[in-house]
Amino acid sequence: MARYLLPLVLVFILSCKKDKDPVPDLTRDLVGVYQTKNSQELFDKINATITVRWTIDKLSEKKIRLTHDEETIFEGDGWQEYFDSIPPRKVIFDDVELTEPSKFQIKQKVESMIDGVVQSSDIEITAELAGKHLAANIKETFEGGSYQGDVLLKRQ
């Protein structure tokens, strides 16, 4: 009986051995679509509305792809006298690595085509989930100026 007990105990111990802990999925709560819209009145008669939509896709447990879509619309009489229309802007940030759950940083040079001219800018983004929405600090530096601000993008 004892000779059957030892192999049984060994089988039991080996079957209870845990596998290595899996790599935690840092992207789980972050993946989705987020959007913000900002309207301003210019020159007392022209409204400018900027809509920004971020789509976050999972590439792996620690990497995401951020697709930034931006559209600017001018409304009101005579806006063409003051502004050129701005074509929609799309920027894709690939292989963004997360070091903490639901939080990421991007620092990258981006080139955009505006009115047939390639314009480059330096982009810095720090973003993290704030409840179900995404809080981001965005800094963009380009020839002739810069922009920096905090933005709350709402989950769609």
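Residues numbered from 1 in each chain as written. Predicted model: local features only at pLDDT ≥ 70, side-chain atom pairs only at ≥ 80, totals over all residues. Heavy atoms only, no water.

1. Overview of the pattern of salt bridges
Put simply, the rule is: Throughout this description, the term salt bridge denotes a Lys or Arg side-chain nitrogen within 4 Å of a carboxyl oxygen of Asp or Glu.
Evaluation of the coordinates by the stated rule reveals seven salt bridges. Salt-bridge contacts for Asp29 lead to Arg28; the nearest nitrogen and oxygen are separated by 3.6 Å. Connected via shared salt-bridge partners are Glu70, Arg89 and Glu140.

2. As for the nonpolar core
Soluble globular proteins: nonpolar side chains tend toward being buried together. What counts is decided by this rule: Think of a nonpolar core as a cluster: buried Ala, Val, Leu, Ile, Met, Phe, Trp, Tyr and Cys residues, connected wherever their side-chain atoms sit within 4.5 Å. Here the term buried applies to any residue with accessible area under 20% of the maximum for its type, exposed to any over 50%, and partly exposed to those in between, with areas from a 1.4 Å probe on protein chains only. Helical segments are the DSSP runs of H or I of at least four residues, strand segments are the runs of E of at least two, and each set is numbered from the N terminus. Working rule for contacts: check all heavy atoms of both residues, and any pair within 4.5 Å makes them a contact.
Core analysis: the biggest nonpolar cluster contains 24 residues, and Leu30, Trp54, Phe93, Phe104, Ile125 and Leu134 have the highest contact counts within it. Broken down by secondary-structure element, the contributors of at least two residues to this core are β2 (46-58), β3 (63-75), β4 (89-97), β5 (103-114), β6 (117-130), β7 (133-142) and β8 (145-155). If you tally residues by element for this core, the top one is β6, at four residues. Setting aside residues up to four positions removed in sequence, Leu134 forms contacts with Leu30, Tyr34, Trp54, Ile56, Phe104, Ala127, Glu128, Leu129, Val151, Leu152 and Leu153.

3. Here's the deal with the layout of surface pockets
Threshold: Points on a 1 Å grid, built from protein atoms alone, make a cavity when a 1.4 Å probe fits but cannot get out and make a pocket when they are open with protein on both sides within 12 Å along at least 5 of 7 lines; residues with an atom within 4 Å of a point are the lining residues. Grid points are joined across faces, edges and corners, and a volume is the space filled by probe spheres set on the points. Side-chain classes follow a simple rule in which Ala, Val, Leu, Ile, Met, Phe, Trp, Tyr, Cys and Pro form the nonpolar group, Asp, Glu, Lys and Arg form the charged group, and the remainder, Gly included, forms the polar group.
Taken as a whole, the largest pocket spans an internal volume of roughly 1200 Å³. The wall of the largest pocket is formed by 37 residues, among which Ile50, Glu70, Thr72, Arg89 and Glu140 lie closest to the centre. Listed by contribution, the elements that provide at least two residues to the lining of the largest pocket are β1 (32-42), β2, β3, β4, β5, β6, β7 and β8. For the lining of the largest pocket, the element with the most residues is β6, which contributes six residues. For the lining of the largest pocket, the residue count by class is 21 nonpolar, 10 polar and six charged.

4. Examining unusual backbone geometry
Phi is mostly negative for residues that are not glycine, and the peptide bonds are mostly trans. Phi is positive for Phe43, close to 55°, though the residue is something other than glycine. Inspection of the secondary structure puts Phe43 in the loop between β1 and β2. Despite not being glycine, Asp95 shows a phi value in the positive range, around 55°. Among the secondary structure elements, Asp95 is positioned in strand β4.

5. Things to note about the environment of Val33
Within the secondary structure layout, Val33 lies in strand β1. Distance in space between the C-alpha atoms of Val33 and Leu153 is 9.0 Å, their sequence separation being 120 residues. Apart from residues no more than four positions distant in its own chain, Val33 is found in contact with Arg53, Trp54, Thr55, Lys154, Arg155 and Gln156.

6. Some points on the pairing of β6
Rule in force here: Pairing between strands requires that DSSP locate at least two bridges from one strand to the other.
Strand direction decides the pairing type here: β6 and β7, joined by 10 bridges, are antiparallel. Of the residues in β7, the one forming a bridge with Ser121 is Phe142. A loop of two residues connects β6 with β7, the two strands running antiparallel in sequence, and Gly131 in this loop sits at a positive phi of about 70°.

7. Quick look at the side chain of Thr51
Here Thr51 lies in strand β2. For Thr51, a relative accessible area of 16% puts it in the buried group. Once residues lying within four places of it in the same chain are set aside, the contact partners of Thr51 are Gln35, Thr36, Lys37, Asp69, Glu70 and Glu71.

8. A few points about the environment of Gln35
Definition in use: As used in this structure description, the phrase polar contact means that two N or O atoms lie within 3.5 Å; if the pair is within protein, one of them must be able to donate a hydrogen and the other to accept it, and residues adjacent in sequence are counted only when both atoms belong to side chains.
As for its placement among the helices and strands, Gln35 is situated in strand β1. Taking the relative accessible area as the measure of exposure, Gln35 reaches 18% and is therefore buried. Expressed as a C-alpha distance, the spacing of Gln35 and Gln156, which sit 121 residues apart in the sequence, is 6.8 Å. Apart from residues no more than four positions distant in its own chain, Gln35 is found in contact with Thr51, Val52, Arg53, Leu152, Leu153, Lys154 and Gln156. Within polar-contact distance, the side chain of Gln35 engages the side chain of Arg53 at 2.7 Å.

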